[in-house]
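Breakdown of the fold
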Amino acid sequence: MAKVTIDGIEVEVQEGINCIEAAKAADVHVPHFCYHPSLTVVGQCRMCLVEIEGMPKLQAGCSTTVRDGMKIHVYNEKVDKARKGQMEFLLINHPLDCPICDKAGECPLQDYSFNYGSVNSRYEEAKRTYPGMDRTPIGPHVVQNMNRCIHCTRCIRFCNEVTGTDELAFFRRGASTEVGIFPDTPLENWMSACVTDVCPTGALTTREFRFESRVWNLDSTDSVCNGCDVGCNLFVNHRNGQVFRYRPRVNSDVNDHWLCDYGRFSYERYESDRVVVPKVRTDDYLGISTWAEALDAIADAVQGANNLAAIASAHMTNEEASAAKQLFDSIGAKTSLMVDPIGPIKMKARTEWLLGTQAAPNFRGVSTILGGDTASDADKLMTNGAAGVDLLWICDVDFSERAKDPAVVASLRQAKFLVVTSWDANHPLAEAADVLLPGAIHVEKDGTYTNLQGTVQEIHQAYPPKGQAVVDLELFRRVSARLAAMAPAEAAV
Ligand code: SF4
Ligand code: SF4
Ligand code: FES
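Residues numbered from 1 in each chain as written. Chains lettered and ligands numbered in written order. Predicted model: local features only at pLDDT ≥ 70, side-chain atom pairs only at ≥ 80, totals over all residues. Heavy atoms only, no water.

Brief notes about the sheet that holds strand E5 (residues 71-73)
Judged by pairing direction, the sheet is mixed, and its 5 strands sit side by side in the order E2-E1-E5-E3-E4 without closing on themselves. Among the strands making up the open sheet, the edge pair consists of strand E2 (9-13) and strand E4 (59-60). In this sheet, E2 lies alongside strand E1 (residues 2-6) in antiparallel orientation, the contact comprising 5 bridges. Bridge pairing links Lys3 to Glu12 in E2. Those strands touched by helix H2 (residues 77-91) are strand E3 (49-52) and E5, and its axis lies near 160° from that of E3. (Pairing = 2+ DSSP bridges. Helix = DSSP H or I, 4+ residues; strand = E, 2+ residues; numbered from the N terminus. Contact = heavy atoms within 4.5 Å. Axes fitted to C-alpha atoms, helices over the stretch in contact; angles between N-to-C directions.)

Pasting the structure below:
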């Protein structure tokens, strides 16, 4: 450990870390562009200059490691002057088109321009531009505006050091240097949109979020990706009950600073029509009902059933899975769990690669709660059919992609009575149900998921479920209350 003094505050930090990281221990921010904690240090932008007592010149905070006894000045007149000079260089050519730039509001260059930029430029020459390169799609998700680039190389280093795909490089020389892709080699690795996170300007933005919303008009909720069992930590950015984007939330043990493209854009599926009211089938017509009518229909079906089965979902939270087990055990339903194998999806934690192999976030948690390997039971129902089952309860239509297959729907529909919870109004199982219950999507829930490492992680509700939809905990509570209210003679089924 090393004792260092940052702007008069003494802190004890790991010997050998750089001045930027050491300053964080004293809650002091060292302005920087090219430094990124998960990429190699290149010392290019010179924005991180600090004064170290005993050293005649200012030092780059990113490439200077701390030693015991060091006295570092992040904010003083000398450093301030150097920083202003550096910003003057960076802004010679930058368009400062913040009013039409998607990065505005979360852009280090914009923030530092306020703090260290000058209102007037001493340069009379016209700004250098990159004609025709102000809205260039360089991959399926990333759009480049080269005029905004400050040549920090974070994006290039990301593709070299994290994904190892090397799609991006510098081309040309001097003031004309540009970031680009090689001919016929688009930026399409599986984590390509992470370059938009590491870019400290609006030079790289995602096609999906471009011009969708100013960032300060979005609320942010901490959550976990439900794309696979890695369980990457993310922020849900949303407004008025609509998700606008997912952004990575740093967790060095799981996803570090990253999200894969599949997970990052997985919220787009929620743009499908939602189930917002319960429905009950009468005379072969699935019509809108009240919750009370739906619960009555379920209670009637449970009353007359001898052979009951339920298929849980690895999209359920641990709390929902526990409530489901309690309910289904109480009515004697055999509960199984099915999830689709995928990938593997590779995700880089700070020190290792994690391999997501299940297409749902909580296979480990739900299967532990249900106990044992129950996948074969679900598989039998889907493959051999549910004939002979008096009541089959599908807890979530997302439990398997196979559930969209008409043959599988027909198999499950063989059950005498089919209860389905779904958020997706267009899902074929929703249309096949005898009772359809409106379910919540994961950004509408509070709870926990257990990822493939066994780490229990919290998700938080970004906004309430749509219409009359409820989270599973409330759904199971209502069903349990209705069943408990049955006359003793009724309940003795
Ligand atoms: S595009 Fe962004 S991340 Fe890449 S070099 Fe330019 S400013 Fe840096
Ligand atoms: S690796 Fe899995 S959990 Fe992480 S972002 Fe991708 S799909 Fe989501
Ligand atoms: S952050 Fe240190 S030189 Fe760029």
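Section: the domain arrangement of the protein
Along its sequence, the protein is carved into domain 1 (2-91), domain 2 (126-217) and domain 3 (273-491). The straight-line distance from the C-alpha centre of domain 2 to that of domain 3 is 42 Å. (Domains from an automatic or database assignment.)

A closer look at the site of ligand 2
The full set of residues close to ligand 2 is Cys225, Gly227, Cys228, Gly231, Cys232, Leu259, Cys260, Tyr262, Gly263, Ile345 and Met347. Secondary-structure elements contributing two or more residues to the shell around ligand 2 are helix H6 (261-264) and strand E18 (341-348). Class assignment for the residues of the shell around ligand 2 results in 8 nonpolar, 3 polar and no charged. (Near = heavy atom within 4 Å. Nonpolar A, V, L, I, M, F, W, Y, C, P; charged D, E, K, R; others polar.)

A short note on the side chain of Asn18
You can see Asn18 is positioned in the loop between E2 and helix H1 (19-25). According to the relative accessible area criterion, Asn18 is buried, its value standing at 7%. Polar contacts involving the side chain of Asn18 include one to the main-chain amide nitrogen of Ile20, which spans 3.2 Å. A distance of 3.0 Å separates a polar atom in the side chain of Asn18 from the backbone oxygen of Cys62. Excluding its chain neighbours within four sequence positions, the residues that come into contact with Asn18 are Tyr35, Gly61, Cys62, Thr64, Thr65 and Val66. (Buried < 20%, exposed > 50% of the residue type's maximum accessible area, 1.4 Å probe, protein only. Polar contact = N/O pair within 3.5 Å; in protein donor to acceptor, adjacent residues only side chain to side chain.)

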